[in-house]
Amino acid sequence: MSTTVESAFDRTADEVNEEIRALWLRSGGTLSVEQREEYQRLVLEWAAAAPQPV
């Protein structure tokens, strides 16, 4: 299993964060197995897109 995050296009951390928030709203606060997998993918994508401290 690969631990790298590959995205079809580069998104900002803010854009990924919005998708994470939307996922939680759609789920009503409880994630299914499929939604957890999506959440984990999004969190990795968010971490890769977040600005790194200097």
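Our subject is the structure that appears above.
So, a few notes on the structure that sits alongside this text. Each chain carries its own residue numbering, running from 1 in the direction its sequence is written. Local features are withheld for residues below a pLDDT of 70 in this predicted model, meaning they are given only at 70 or higher, and side-chain atom pairs are given and counted only at 80 or more; totals for whole chains, interfaces and linings count all residues. Neither water nor hydrogens contribute to the side-chain values; these are computed over all heavy atoms in the structure.

## Quick notes on the packing of aromatic side chains
For this analysis, a ring pair means two rings from Phe, Tyr or Trp (six-membered ring only for Trp) whose centres lie within 6.5 Å, classed as stacked if their planes differ by under 30 degrees, edge-to-face if by over 60, and tilted for the remaining angles. If you walk through the whole model with that rule in mind, you get 1 aromatic pair. Taking 5.6 Å as the distance between ring centres and 75° as the angle between the ring planes, the aromatic pair formed by Trp24 and Tyr39 counts as edge-to-face. Residue Trp24 is located in helix H1 (residues 13-27), and its partner Tyr39 is located in helix H2 (residues 33-49); the two are separated by 15 residues in the primary sequence. Relative accessibility thresholds used throughout: buried, under 20% of the residue-type maximum; exposed, over 50%; partly exposed, between the two (1.4 Å probe, protein chains only). For Tyr39, a relative accessible area of 29% puts it in the partly exposed group. A helix here means a DSSP run of H or I that spans at least four residues, while a strand means a run of E at least two residues long, and both kinds are numbered starting from the N terminus.

## Brief notes about the nonpolar core
We call a set of buried Ala, Val, Leu, Ile, Met, Phe, Trp, Tyr and Cys residues a nonpolar core when their side-chain atoms join them within 4.5 Å. Residues Val16, Ile20, Leu23, Leu31 and Leu42 constitute the largest nonpolar core, which totals 5 residues. At 3 residues, the largest contribution of residues to this core is made by H1.

## Brief notes about the side chain of Ser27
Within the secondary structure layout, Ser27 lies in helix H1. Taking relative accessible area as the criterion, Ser27 reaches 15% and is therefore assigned buried. Side-chain polar atoms of Ser27 contact the backbone oxygen of Trp24, separated by 2.9 Å. Here a polar contact is recorded for every N or O atom pair within 3.5 Å, except that within protein the pair must consist of a potential hydrogen donor and a potential acceptor, and residues adjacent in sequence are included only if both atoms are side-chain atoms.

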